[in-house]
Amino acid sequence: MGLGNALAKISGAAQSNSSSLANGEHRLGTASDLVGKATTDSLTPTNPGTLQPHKSMADLQSPVTIIVNQGLINIYEFNEVLFDERQKHSKQLAASLLEKDLSSSELEIEFAKYKANKLDIKSIYWQLQKEQEDLEEKKLFTPLTRPNKKSDYLPDKLKMCSLHAQNLGWDELAIMECLIAAISGVIHGEFEVEVHDGWSEKLISWVCLIATSGKGKSPFIKPVRKALGKLEKQAADAYMDDYQHYQSLLAEWEKGDKNPGDKPIDVHYRTFIQSSFTMEAVCAQFQRQGNKGITFFYDELSAHFAAMNQYRNGDDKEAWLQFYDGNISPKLRMKSDDRLGGSLMTGNSFNCQMGIIGAIQPEVFQDLLSQTNLRSAGHFARFNYLWMENKPLTLEEVISGGSAVDVTEDIYKLLVWAAQLPGQKFMFSPDAFKYIVTKISLVETKAMEENNQIMAEFLNKFPGKFLRHCGLLHLLFSYPNEPTNLIPQSVCQVAFDSIVQQQYFIEKVCLLKPEPALSDMLKSLLDYCQRKDKFLSGSDIVTSKKFDKVKPKFTAQVARSYFKDLAEMGYGQLEGSGTRLRFKAFTQNPVEIAEIQS
C-alpha cells in the first residue's frame, strides 16, 4: 500500500512535539543518530545495513523522528524507551516494504528472507499498515477538504489527455471519468464485475461536469465527442454499404420464388453517440443493436433531468434506473406497432449498455437536488461528479508553454480497442477482494452516520459505483492489451481514490448554500398557491390555465411531489395523502412566519 504524504504513528504511546515540529525542528536525535548511514536504498534482506549505537541513553527519553528515504517513505514519530537497535531497524525495513505495495505472496517471500537474517518484521509490517489505514480513514471525509491524490488516473499511453485537461482548468481525474464513461458506452453489454454469486455490476458509468457558464466545459469534452463522432461516421458508412448489399439481395429474392427461409436478413444501424431521443426510440435502438453500447452526450444535463416527468401516463425515472442496471423491460408506453418494428413487442427484456457524459451549472444542479420528486429514486446519486476548480491557461500560456495538444486520435484509438473486446466477467484477485470488502464496509458505516440526507444518498450508492470503477479502470489500464479476468488490488486503489475525490465535490455542492433555493417552477407554483389561498389538489394545478403550457407536461403526480417539496421547506401545509393530498401555501415566507411566532 502506498503511503502518500501522510504522517503515521508507529507506537501506541506515540506523541509529537507540535511546537518544535511546526518550526521544522526535531527536539532530540535525527535519522543518522538512530540508524547511522543505512538507507532504504541500501537495505535488503541479505544486506540489512550497518547499525550505530547511540552516544547516550538520554536521547531515547524524548520524541525522536526517523527519516527513511525522505520523499518516498513517511516520517514516523514515536516515543519508546529502551528499545533495541534491531527493533528500530526492523521498523525502517517494514516501512520500505510497505511503500513497495507487494502482493501477499511476495510479502511472505520478503518476510522469510529477513527472518533468515534474524529480523522478524512481519508483525511490524502489519502494525504499520493498520495504523496507516486508520489515519487514511480519518482524513477521507473531512468536509470541504479535498483528499490528496494518491494515484495516477491514466495509463502512460494516455498521459497527453492529462495535459489537455490541465490546459482547460480541469484535472486528470475529470478526463479519466469522461474516458471510462465513453468506454462504458461502446463496450459489449456482457461486461460485468462480480463480487460473489448474487452480486455483480454492469460496467456502466455516468459522469456530470460541474462548472459555471463559459468555463470551458464543452472544449474539455470535445475530443471525446469527436472520437465518438468518428466512430459514428464509420458505422454509418458501413451501414450504407451493408444496406445497399441487402437491397440487392432482397431484389433477387423478390424475383424468385420468395421462399421465406431464403429471405435476406435486414441490416441494422449501430449508433455510438446520441444527444436527443425519445424513450421509445432509444429502447428500440438498443434492441436492434443487441449488446452494443451507446454514449449519450448532454451539453446541459438539466434537460436530461427535466425529462424525468415528460409524460402524463407515467414518468421515465424507472426506465433510467433500469438503464443504469444494464437491462430494461420497455413497458413504458411501448406498443407492438409498426413504428417500433414487428419484433419489438411490449414486455421484452433486453440489454442496454449506456454511458452518459454531460455538464451542468452549480446553481442549476443545487436547485434540482432540492426537488425530492427527482431525487427520490436515487437518479442523481448514480452519476459521478467533477467540479472545475482550477484556472484555465490562456491561449498565450498554452502556446508559449508548448502544451497545446489534440488528444482526439488517442481517445479514438482507445474507444476502437474497447468496442472490439468480447464481453467478459471480471473478478477480484485475493488481495483485491480483501481490499474492496474493507473499503465498502468503511463507507457503509459512514453512510449510516451521515446526517445530511443528500450525502447519505450518494454514500449509499458507493459500493456499486466503486465496483463499476474497478472494472472500467481495469479495462483502461489494460489498454492496448486484452484484459485478464482478475482485477488487481492496484486498480481497486485507484478506483477507491477516485470515488472519495468525488464525495468532496458533492459535499461542496450540498454546502454551497445553507438552504436550497426554489427553482423557477416551484416559485411559479408557490405564487399561484399563495394567490389562491386555499387547499389545492394536484388536479387543480393540472387543469389551471397557468400551467397548461408547461413543458414537460404537468401531471397531478408531479404537482403533489412539488407540494411535498414546498411543505418540507416551510412554505405551506399538507392535508390528506396519496391521490387526495392537498396543499395550502402560507401567504408569508418561512422567515416572516418564524419572526412572528418568536
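These numbers come from a predicted model, not from an experiment.

*Asks:* How do you make sense of helix α8 (residues 217–255) when you look at a structure like this?
*Replies:* Along an α-helix, a turn takes 3.6 residues, which lines up residues three or four apart on a common side. With 39 residues, α8 ought to run about 57 Å at 1.5 Å a step, and its terminal C-alpha atoms sit 56 Å apart, in line with that. For α8, the principal kink sits at proline 223 and spans about 40 degrees.

*Asks:* Looking at this structure, how should I read the sheet that holds strand β11 (residues 354–360)?
*Replies:* Sheet strands pair via backbone hydrogen bonds, and the direction of the pair is either parallel or antiparallel. Strand order in the open sheet formed by five strands is β7-β8-β11-β6-β12, and the pairing between neighbours is parallel. The open sheet has two edge strands with one neighbour each: β7 (273–274) and β12 (383–387). Bridging between strand β8 (residues 294–298) and β11 involves five bridges; their strand directions are parallel. Among the inter-strand pairings, isoleucine 294 is bridged to a residue of β11, identified as methionine 354.

*Asks:* Honestly, the pairing of strand β13 (residues 425–428) in this entry has me stumped. Any pointers?
*Replies:* On any regular strand, side chains alternate: one points to one face of the sheet, the next to the other face. Because side chains alternate across β13, one face comprises the buried residues Phe426 and Phe428, and the other comprises Lys425 and Met427, none of which is buried. Relative to β13, strand β4 (residues 192–196) is paired through two bridges, and the arrangement is parallel. Paired with valine 193 across the strands is phenylalanine 426, a residue of β13. In this sheet, strand β14 (residues 486–487) lies alongside β13 in parallel orientation, the contact comprising two bridges. Bridge assignment links methionine 427 to a residue of β14, and that residue is leucine 486.

*Asks:* Can you help me understand the environment of valine 558 in this one?
*Replies:* Secondary-structure assignment places valine 558 in helix α22 (residues 556–568). On a C-alpha basis, the gap between valine 558 and glycine 538 in space is 7.8 Å, while along the polypeptide they are 20 residues apart.

*Asks:* Please clarify how the sheet that holds strand β16 (residues 572–575) should be interpreted in this entry.
*Replies:* On the basis of which strands lie adjacent, the open sheet formed by three strands has the order β15-β17-β16 and antiparallel pairing. Taken across any chain shown, the strands that pair with only one partner, and hence form the sheet edges, are β15 (536–537) and β16. Sheet topology note: the β15/strand β17 (residues 582–585) ladder contains two bridges and is antiparallel. Residue pairing for β17: leucine 536 is matched across the bridge by phenylalanine 583. Of the strands in this sheet, β15 and β17 touch helix α20 (residues 520–532), which is tilted by about 80 degrees from β17. Taken strand by strand, α22 contacts β15, β16 and β17, and its axis lies near 130 degrees from that of β16.

*Asks:* Help me understand the packing of α20 against α22 in this model?
*Replies:* Helix-helix packing is characterised by the crossing angle of the two axes and by the distance between the axes. Interaxial distance between α20 and α22 falls to 11 Å at its minimum, and their mutual angle equals 85 degrees. Here α20 is positioned roughly perpendicular relative to α22, judged by the angle of their axes. Where α20 approaches α22, its residues Met521, Leu522, Leu525, Leu526 and Cys529 are matched on the opposing element by Tyr562, Phe563, Asp565 and Leu566. Among the residues forming the contact of α20 with α22, the class breakdown is eight nonpolar, no polar and one charged.

Calculation notes
- Residues numbered from 1 in each chain as written.
- Predicted model: local features only at pLDDT ≥ 70, side-chain atom pairs only at ≥ 80, totals over all residues.
- Heavy atoms only, no water.
- Helix = DSSP H or I, 4+ residues; strand = E, 2+ residues; numbered from the N terminus.
- Expected span 1.5 Å × (residues − 1).
- Bend = angle between axes of the 7 residues up to and from the residue.
- Pairing = 2+ DSSP bridges.
- Buried < 20%, exposed > 50% of the residue type's maximum accessible area, 1.4 Å probe, protein only.
- Contact = heavy atoms within 4.5 Å.
- Axes fitted to C-alpha atoms, helices over the stretch in contact; angles between N-to-C directions.
- Parallel < 35°, antiparallel > 145°, perpendicular 65-115°, else oblique.
- Nonpolar A, V, L, I, M, F, W, Y, C, P; charged D, E, K, R; others polar.

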